[in-house]
Every structure is written in structure tokens, then in C-alpha cells.
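# Tertiary structure, described
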Amino acid sequence: TGAIGLYNVGLNCCLNSLLQVFLMNIHFTRILRRITVPLCAEQKRRNVPYQMLLLLEEMQRGKQKAVSPIDLARCLSAYRVKLFVQHDAAQLFLTLWNLIKRQMNKPELVEELNDLYTICVQEHLACQKCSFETKRNSSMLTLPLPVLDSNSHMLKTLEDCLQCFFHPEELTDHNMCFCEQCGRKTPFLQSMKLVHLPQTLTIHLKRFCFEKSAYIRKLSHYLPFPRGLDFNAILTENQCQADGDEKAAWQYELFAVVAHSGSNSCGHYCAYIRSLTECKWYCFNDSEVCQVSWDDVKCTYGHFNLHW
């Protein structure tokens with residue numbers, strides 16, 4: 001079936017889940033297969049894209065239910081990605097992405113990788129006392145969506161989270177900014193406009209909050225997400241900075257969900273991924289892989305414990 005598990009070699013369920021999402025994305029593997037193979041053995045051991053390619057080939061060649069990612073894990077340890085450590089999926093995804101991008105020697109592959117994953121937004125800051133306004137374009141690897149609104153109320157759907165992320169925010173009191181035109185700190189209106197979305201869009205739900213005692217609490221409330229997402233139906237004209245051709249491509253079909261069960265300090269990751277060749281959903285739970293239904297995927301909508 002092409003759905004092969006990865007053995008857990010040291011509390012690396014988070015790494016395994018992310019690797020499965022990368023390697024089940026045929027658009028990513030088409031890029032990976034065209035990398036330049038390092039010349040010497042030491043360079044091969046320390047090259048993340050090459051080690052990912054070896055792992056992919058072992059998974060596709062092997063007939064066993066799972067393979068070991070130990071060589072890739074050793075390679076990553078040289079870049080401070082440790083085993084026997086609880087990782088955060090969004091942070092580890094960013095780390096892996098940066099290593100892959102930095103170690104791809106062909107500029108055309110780096111450009112394709114950017115087109116595949118990079119989001120572009122335009123940040124606006126407008127002084128509320130005068131007409132002074134600044135604009136800045138920036139790139140993001142994920143859309144980090146809040147699951148609570150500005151009044152700490154739970155948001156009920158993924159669409160609500162997107163609306164909250166792009167909703168303008170007033171910067172007042174101790175959050176005021178210095179206005180060059182006014183010559184002093186003034187209230188500002190901060191907003192974000194969407195400029196470009198990639199072929200594979202990654203959304204990160206910020207399921208944590210900081211208590212007054214500096215304790216971090218995981219937010220496990222129920223939050224459904226759809227199989228398909230059309231940004232043109234969610235965002236207003238004022239929240240977009242793109243032409244019609246660009247916005248016509250802002251329609252997505254769900255490909256994968258990286259799910260976490262447990263608390264913020266301990267727990268377990270698994271990945272639900274839809275095969276782009278078979279159009280079937282699989283649950284990748286380290287070395288165990290099984291076909292699942294959409295109802296099974298919906299168990300990742302929330303709650304403290306997940307069952308798979």
C-alpha cells in the first residue's frame with residue numbers, strides 16, 4: 001500500500017509523525033528525488049535531505065511493516081535535534097524545514113520547496129492619531145492560529161480561528177507604538193493581509209495558554225475542521241492583498257493531521273494522512289499503520305485523550 005511505519009527509537013513519535021507527512025506528500029518527494037548526492041561518507045551522514053531520501057527508499061523497497069529512522073535521527077542529532085526529548089510538532093517542523101532547505105544545493109529545488117510550503121503575508125501598522133502607516137511583507141512556514149479569541153473565549157471552528165488571526169487588533173496602553181510622524185507613542189491598528197498561499201498549506205493550532213503563575217496549559221477543547229477549505233469564502237477583501245488569479249488557487253483539500261494526546265509536558269503524537277495516490281486515510285502511529293475512516297480522523301478535533 002505504500003503505508004509503512006517507523007519504529008520509535010527514543011521518544012521520537014513527534015519526529016516520526018512529521019517524517020510521514022513529508023514523505024507521503026508526493027510533491028515533496030519529487031523534489032527530494034532530485035537532490036545532489038553528497039560526495040563523501042561524512043557529508044552523507046550529516047546531510048538531512050539525503051538521509052530522508054535513503055529512508056524513503058528503504059520504506060518503499062522494504063516489505064516489512066516498519067523501518068527504523070535511526071540513521072536520520074543520528075544525522076539530526078548533529079544539529080541539536082535530540083532523542084529522548086518531548087518535541088513540539090510546530091517547532092520541530094520548522095527545524096526540519098530549515099535544515100532541508102539549507103542543505104539543498106540546487107537553487108531551483110529551493111525555489112520549488114518555497115513554492116510548496118511558504119506563506120506570504122503583509123503586516124500593516126496604522127497610527128490612530130495621524131495618517132502614518134507602515135507595511136511589511138514577511139514569509140511564514142505555518143499559519144499559527146489562536147484557539148481563543150481576544151477575550152479568552154474558546155473559538156468553535158477552524159474558520160473562526162482564521163477570522164480571528166486576520167482580524168485587526170488595536171494596540172493601546174502599554175502596547176502602543178512609537179509614531180515617527182507624531183513623535184510619540186500612540187495607539188496603532190495592527191492587521192495582517194494574506195498575499196500568497198503555497199501548494200501545501202500548513203496550519204498550526206496554538207493549543208496552549210500561559211497562566212499567571214507562568215504555568216503552560218494545553219487547550220484540549222473540541223474544534224472541528226473541514227475536509228475542504230476555501231479562503232475566498234472565509235476572508236474579506238480587506239484581509240487579502242492579492243489579485244484574482246492568486247486567490248483562485250486558495251482552495252484546499254485536507255491532506256494530513258498531526259495529532260497530540262496528553263498534556264503539554266508529556267504525551268504522544270501520531271499522524272492521520274490521506275494517500276495522494278490511493279485517496280485513502282491512514283493512521284501512522286509509529287510502527288503501527290492502519291487504514292482509517294473520516295470519522296476516525298475527526299477524533300483529532302479535541303479532548304484530552306485520543307484513542308487510535
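Residues numbered from 1 in each chain as written. Predicted model: local features only at pLDDT ≥ 70, side-chain atom pairs only at ≥ 80, totals over all residues. Heavy atoms only, no water.

Looking up the protein in an unreviewed UniProt entry gives the name UBP18 hydrolase, with the organism given as Corythaeola cristata.

On to the sheet that holds strand E18 (residues 288-292), then. If you trace the four strands from one edge of the open sheet to the other, you get E15-E16-E17-E18, paired in antiparallel fashion. Both outer strands of the open sheet, strand E15 (256-262) and E18, are each paired with one neighbouring strand and no more. With direction set aside, neighbouring strand axes in the sheet form an average angle of 25 degrees. In this sheet, strand E17 (residues 281-285) lies alongside strand E16 (residues 267-274) in antiparallel orientation, the contact comprising four bridges. If you follow Tyr272 over to E17, its bridge partner there is Cys283. (Pairing = 2+ DSSP bridges. Helix = DSSP H or I, 4+ residues; strand = E, 2+ residues; numbered from the N terminus. Axes fitted to C-alpha atoms, helices over the stretch in contact; angles between N-to-C directions.)

As a further point, take the environment of His303. Looking at the element boundaries, His303 is found in the segment after helix H10 (294-297). Relative accessible area serves as the criterion here: at 49%, His303 is assigned to the partly exposed category. When the C-alpha positions of His303 and Leu145 are compared, they lie 18 Å apart, and in sequence the two are 158 residues distant. Beyond its immediate sequence surroundings of up to four residues, His303 is in contact with Ser220, His221 and Tyr222. (Buried < 20%, exposed > 50% of the residue type's maximum accessible area, 1.4 Å probe, protein only. Contact = heavy atoms within 4.5 Å.)

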